[in-house]
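So the chains spell out like this:
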Amino acid sequence: MDKADYKGEIEEMLKSINQILDIIKNKCFAEICKRKKVRKTILFESLSGYDGSSRAIYEYLLKNKLYTDYKFIWAVKDKTRFAKVNRERTFFVNYDELCFDRFLAEYIFFEHIPTHRFNKKQNCVFLTHGQPPLKSSGMVYDMVNYCLCTSENIIPIFKKWVTVKNAEFVICEMPKNDYLFSPYRPEGYMNGKKVIMFMPTFRKSEKLNINDSKGEALFDIPIIDSIAKWCELDEFCKKRDIAIVVKPHPNSNINCDEFPILNNIKVLTNEVIQENDWNLLSIMGAAAALISDYSTVAMDFMLLDRPLAYDIADLENGNYTREFIVDNPYHYMPGNKLNTYNDLLEFIEMVSKGEDYYKEERRKLIAELHTYFDSGNTERLLKGIKMIK
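For clarity, every value in this text was computed on a predicted model and none was experimentally measured. (Residues numbered from 1 in each chain as written. Predicted model: local features only at pLDDT ≥ 70, side-chain atom pairs only at ≥ 80, totals over all residues. Heavy atoms only, no water.)

*Asks:* I would appreciate a short explanation of the environment of Asn377 in the present structure.
*Replies:* Along the chain, Asn377 falls in helix α12 (residues 377-384). Given the relative accessible area of 0%, Asn377 is considered buried. Distance in space between the C-alpha atoms of Asn377 and Ile57 is 9.5 Å, their sequence separation being 320 residues. Residue contacts for Asn377: discarding those within four places in its chain leaves Cys172, Glu173, Met174, Pro175, Asp178 and Tyr372. A polar side-chain atom of Asn377 sits 3.0 Å from a polar atom in the side chain of Asp178. (Helix = DSSP H or I, 4+ residues; strand = E, 2+ residues; numbered from the N terminus. Buried < 20%, exposed > 50% of the residue type's maximum accessible area, 1.4 Å probe, protein only. Contact = heavy atoms within 4.5 Å. Polar contact = N/O pair within 3.5 Å; in protein donor to acceptor, adjacent residues only side chain to side chain.)

Here it is, written out as structure tokens:
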């Protein structure tokens, strides 16, 4: 065995030891905290660090001067990325540094990484980062007080997606979707043109150690398989006064530096959004149409009742391997099904002409998946969990 093999084994061993130590540490802290009084702290977590429904709740509390004697803590992967955020009573803490803030926070809002309650006096709310989920998860959340669900019809799907024990379902639209109704056009991305957002889910993720594809999809977009086609698409959009904003999934393996520099197609990353303190949902609210695939972002955009398209090329050719938790995923795709590059061109042409062939199908699904269609969901949720009257 050479040195490289020894190094790999040692790294894996140290990783396992650290995981065991974390479990022991958490159990010790949890046992200690059972007997302690909860602190006036509200803990937030979201998919991308400082956004989503957790951000909507946080902003609402600040704006309306609620819980003014409470400390607000954001659990993030890298707190240095938020060093410029200077808000009252607000602190950013790395996950591995949370310690007592996690175990004694009176309220916990999380979307992605489980941040369960450890004290019966804590109130833990699982917001999720999108609904209804179509892909399997297998997670178990056994210390949650409330789960947000956008419709009674989604609860059976929700229970297939994750296991929740003794939690109350609160029927409410996702607070982050309040931002959809306050559109924002960032300079340099949407200048004076009709905009189509392109938001694929990830196929492969080193961050999550997940591989959902047997093939390779350039920039996680199977229907565009070469740089040459991206350049061709740029010219196609130019002639129709269309701009495309590609927003990669935060857990994707995409190297955005490899994306070609184009005039009518721009890449908008999480890093750029956070550096400028923009809101992704507000940017989506300024789009005329959305192209996605199996991502729940299409369910969010659906509330705007605008054209949708779905890149299903790797599902049709068998390359996409993630298990679906619904019998017919196409039922949840009320829009153009894009299996080829030409299908994409047809959709863009349709949007440029203001045509919308799936309006009736989309509206039926909106009524099935959503209960509320306005921008009052943050307040609605806080009332549902009895944080405000």
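This is not the end of the story, as more comes after the structure.
*Asks:* Even after reading the chapter, I still don't get α12, so can you show me in this structure?
*Replies:* What sets the pattern is the α-helix's 3.6 residues per turn: residues three or four places apart point alike. Listed as buried for α12 are Asn377, Thr378, Leu381 and Leu382. Projected down its long axis, α12 carries its buried residues within an arc of 135°, all on one side. Residues of α12 that are buried make contact with α2 (52-63), β4 (105-110), β7 (146-149) and β9 (168-171). Two residues or fewer after α12 comes Lys386, characterised by a positive phi angle close to 70°. (Arc of directions from axis to C-beta.)

*Asks:* Help me out: how do you make sense of the pattern of salt bridges in this one?
*Replies:* A side chain with one charge can pair with a side chain of the opposite charge if their charged atoms come near. Tallied over the entire structure, the rule returns 15 salt bridges. A salt bridge links Glu59 to Arg87, with the nearest nitrogen and oxygen atoms 2.9 Å apart. With Glu59 in helix α2 and Arg87 in the loop between β2 (71-76) and β3 (90-94), this residue pair connects regions lying 28 residues apart in the sequence. Note on Arg87: relative accessible area 27%, which makes it partly exposed. (Salt bridge = Lys/Arg side-chain N within 4 Å of Asp/Glu carboxyl O.)

*Asks:* Can you help me understand the environment of Phe91 in this one?
*Replies:* Its place among the elements puts Phe91 in strand β3. For Phe91, a relative accessible area of 44% translates into the label partly exposed. When the C-alpha positions of Phe91 and Lys71 are compared, they lie 7.9 Å apart, and in sequence the two are 20 residues distant. Each residue touching Phe91, except ones within four places of it in the same chain, is listed here: Lys71, Phe72, Ile73 and Trp74.

*Asks:* It is not clear to me how the sheet that holds β9 should be interpreted in this structure. Could you clarify?
*Replies:* What holds strands together in a sheet is hydrogen bonding between their backbones, with the strands either parallel or antiparallel. In space, the seven strands of this open sheet follow the order β3-β2-β1-β4-β5-β7-β9, with parallel pairing throughout. Both outer strands of the open sheet, β3 and β9, are each paired with one neighbouring strand and no more. Looking at each pair of strands side by side, their axes are set apart by 25° on average, direction ignored. When strand β1 (residues 39-44) meets β4, the two strands line up parallel, connected through four bridges. By the bridge assignment, Phe44 is partnered in β4 with Phe109. (Pairing = 2+ DSSP bridges. Axes fitted to C-alpha atoms, helices over the stretch in contact; angles between N-to-C directions.)

*Asks:* Please explain the packing of aromatic side chains as it appears in this structure.
*Replies:* Each aromatic ring pair is specified by the distance between its two centres and by the angle formed by the two planes. In total, this model carries 23 aromatic pairs according to the counting rule given. Arranged with centres 5.0 Å apart and planes meeting at 85°, the rings of Tyr50 and Trp74 form a pair that is edge-to-face. Placement of the pair is Tyr50 in the loop between β1 and α2 and Trp74 in strand β2, with a sequence separation of 24 residues. When sorted by exposure, Tyr50 lands in the same class as Trp74, which is buried. Seen in terms of ring centroids, Phe82 and Phe92 are 4.9 Å apart; in terms of plane orientation they differ by 10°. Their pairing is stacked. Within this pair, whereas Phe82 is found in the loop between β2 and β3, its partner Phe92 is found in strand β3, the two being separated by ten residues in sequence. For the residue pair Phe82 and Phe92, the accessibility class agrees, reading buried in each case. (Phe/Tyr/Trp six-rings, centres within 6.5 Å; stacked < 30°, edge-to-face > 60°.)

*Asks:* Sorry, what's going on with the side chain of Asp311 here?
*Replies:* Along the chain, Asp311 falls in strand β16 (residues 308-311). On the basis of relative accessibility, which here comes to 2%, the residue Asp311 falls in the buried class. For Asp311, the side chain forms a polar contact with the main-chain nitrogen of Ile223, separated by 3.4 Å.

*Asks:* Would you take a moment to explain a nonpolar patch on the surface for this structure?
*Replies:* Where nonpolar side chains cluster on the molecular surface, the patch consists of Ile10, Met13, Leu14, Ile17, Ile20, Leu21 and Ile24 and spans about 660 Å² of accessible area. Here Leu14 is to be found in helix α1 (residues 3-33). The exposure class of Leu14 is partly exposed, given its relative accessible area of 48%. (Patch = residues over 30% accessible without salt bridge, like charges linked within 9 Å, V, L, I, M, F, W, Y side chains within 5 Å. Areas by Shrake-Rupley, 256 points an atom, 1.4 Å probe, with all protein chains shown as cover.)

*Asks:* Sorry if this is basic, but what is going on with the environment of Asp78 here?
*Replies:* Position of Asp78 among the secondary structure elements: in the loop between β2 and β3. Once the C-alpha coordinates of Asp78 and Asn94 are considered, the two residues, 16 residues apart in sequence, prove to be 5.8 Å apart.

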